[in-house]
Amino acid sequence: MINIKYGDGYSPHLFIDRIIVKLDFHPGEKAHQTHSALLPLFDDPDCFSGTKPASPVEIQKRIVLASVANAKHHPHFIYRHANHQAQWMRMTLHPRDMELQGFEDLHSILGQFTDHGWGSFVGEAKVTQIEVSIDLEGIPFNTVHILPDQAQTMTVYKAGKQTETIYIGKTKANQTVIYDRAAKRAKLGQAEKSSPCTRIERKKSNLNLKVHQLGELKNPFSHVKFVSIPATRPSTEPKEYMWALFTDSVAQRGLDPALKLLPQDKRTKYRKHISAHKRPWWMPNIIWKGWPGVLEKLHMI
């Protein structure tokens, strides 16, 4: 996690919330040695915990991390084998909750059945999915407006009259989620962390990248546009009351639903007017410059 500060006390935090990596094995002596070393470790409570085999050739467990108190943050590990040889192993990691010491613990356990521990995954494993997040500390969620591209699908989830979550994109595999992190913290009883915070999560699948190639990941937040709703109407709108009605609609429905109620020509003009009023605290290109540091801290490059 990094902390970049700029202007008016706003502090964005960039981090990897979740990553799934898969290490494949070719049939042969190495696959046999890996299987022989790994199988007994599943019975060692200092290494693995959890579920029984999902099938005769597949085992699902959690890797025990001594430094991570909450077991739900321990990596989920799936192992597939056949003919006494490893075929593949897949891990789901939560880097922010593990922190560096958690990766040191992970490296120690992986080193008992791979050549280079966590380094074997960094060098050879494929990233099947990653969730990269930004916490906008100091930014209240109820003050943000997102202007999606016209081709994007945007869904707003409400709890009562309050918007709690905004989804951009159709598929869960490559979706952007923006929500009130402070409200979630409060629900979890984390009152000490319930100061204003807006979280942006971006899920990316089918990256065709190995772990050590994550530095090549393009900025997944460049499409997000935070805007303010100007008090003055567009120069193309002759009737002041129409803009007042629109801003009232935004307050009740949200920006994207309010825009969709407009005729196409008026919607285009209103979008152009609003897009000129970007939030000064949202600078995704500057935030993304910290990406190499996030990877380096977790020994991913």
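As a reminder, the structure under discussion sits directly above these lines.
Residues numbered from 1 in each chain as written. Predicted model: local features only at pLDDT ≥ 70, side-chain atom pairs only at ≥ 80, totals over all residues. Heavy atoms only, no water.

Undergrad: Would you mind going over the nonpolar core with me for this structure?
TA: Across soluble globular proteins, nonpolar side chains have a tendency to be buried as a group. Counting 63 residues, the largest nonpolar core has Trp118 and Trp291 as the members making the most contacts within it. Contacts of Trp118, omitting those with residues within four sequence positions, involve Met91, Leu93, Phe103, Leu106, His107, Leu110, Val211, Leu298, His299 and Met300. Ranked by size, the runner-up nonpolar core spans eleven residues in total, among them Leu147, Val227, Tyr270 and Ile274. (Core = buried A, V, L, I, M, F, W, Y, C linked by side-chain atoms within 4.5 Å. Buried < 20%, exposed > 50% of the residue type's maximum accessible area, 1.4 Å probe, protein only. Contact = heavy atoms within 4.5 Å.)

Undergrad: Looking at this structure, how should I read helix α7 (residues 264–275)?
TA: Given 3.6 residues per helical turn, the α-helix brings residues three or four places apart onto the same face. The terminal C-alpha atoms of α7, which comprises twelve residues, lie 16 Å apart, in line with the 16 Å expected from a rise of 1.5 Å per residue. The complete set of buried residues in α7 reads Tyr270, Arg271, His273 and Ile274. In an axial view of α7, the angular spread of the buried residues amounts to 165°, which keeps them on one side of the axis. Those residues of α7 that are buried lie in contact with β13 (226–227), α5 (240–253) and α6 (255–260). (Helix = DSSP H or I, 4+ residues; strand = E, 2+ residues; numbered from the N terminus. Expected span 1.5 Å × (residues − 1). Arc of directions from axis to C-beta.)

Undergrad: Explain the pattern of salt bridges here, please?
TA: Pairing between side chains becomes possible if they bear opposite charge and their charged atoms approach one another. Counted under the stated rule, the structure contains twelve salt bridges. The closest approach of N and O atoms between Glu131 and Arg18, which form a salt bridge, is 3.2 Å. Placement of the pair is Glu131 in strand β7 (residues 126–137) and Arg18 in strand β2 (residues 11–24), with a sequence separation of 113 residues. On the accessibility criterion, Glu131 (11% relative accessible area) is buried. Under the relative-accessibility criterion, Arg18 is labelled partly exposed at 23%. With its nearest N and O atoms 3.3 Å apart, the salt bridge here joins Lys269 to Asp265. Pair noted here: Lys269 and Asp265 are both in helix α7, with a separation of four residues, about one helical turn. Bridged by salt links that share partners, the residues Arg96, Asp135, Arg199 and Glu201 form one connected network. (Salt bridge = Lys/Arg side-chain N within 4 Å of Asp/Glu carboxyl O.)

Undergrad: I tried to follow the environment of Met242 on my own but got confused; where do I start?
TA: Assignment of secondary structure puts Met242 in helix α5. Residues Met242 and Asn70, 172 residues apart in the sequence, show an inter-C-alpha distance of 53 Å. Discounting chain neighbours no more than four positions away, the residues touching Met242 are Glu237, Lys266 and Tyr270.

Undergrad: What is the right way to read unusual backbone geometry from this model?
TA: Backbone phi values are negative for most residues with the exception of glycine, while trans is the configuration of most peptide bonds. The phi angle at Asn83 is positive, at roughly 55°, despite the residue not being glycine. Looking at where Asn83 falls in the secondary structure, it is placed in the loop between β5 (76–82) and β6 (85–93). The exposure class assigned to Asn83 is exposed, which follows from its relative accessible area of 69%. Phi is positive for Asn206, close to 55°, though the residue is something other than glycine.

Undergrad: Would you explain the pairing of β7 in this entry?
TA: Side chains on a regular strand alternate between the two faces of the sheet. Burial analysis of β7 places ten of its twelve residues in the buried class, which makes it a mostly covered element. Of the strand pairs in this sheet, β2 and β7 are connected by eleven bridges, and their pairing is antiparallel. Bridging from a neighbouring strand, Ile16 pairs with Val132 of β7. (Pairing = 2+ DSSP bridges.)

Undergrad: Explain helix α1 (residues 29–38) to me, please; I cannot follow it from the model alone.
TA: Turning to α1, its buried residues are Ala31, Thr34, His35 and Leu38. For α1, the angular spread of the buried residues around the axis is 95°, confining them to a single face. Its buried side turned inward, α1 meets β3 (48–49), β5 and β6.

Undergrad: Explain the side chain of Ser205 here, please?
TA: With respect to the helices, strands and loops of the structure, Ser205 is situated in strand β12 (residues 197–210). Of the polar contacts made by the side chain of Ser205, one reaches the side chain of Gln129; its length is 3.0 Å. If near-sequence neighbours (up to four positions away) are discounted, Ser205 is found in contact with Thr128, Gln129, Ala173 and Asn174. (Polar contact = N/O pair within 3.5 Å; in protein donor to acceptor, adjacent residues only side chain to side chain.)

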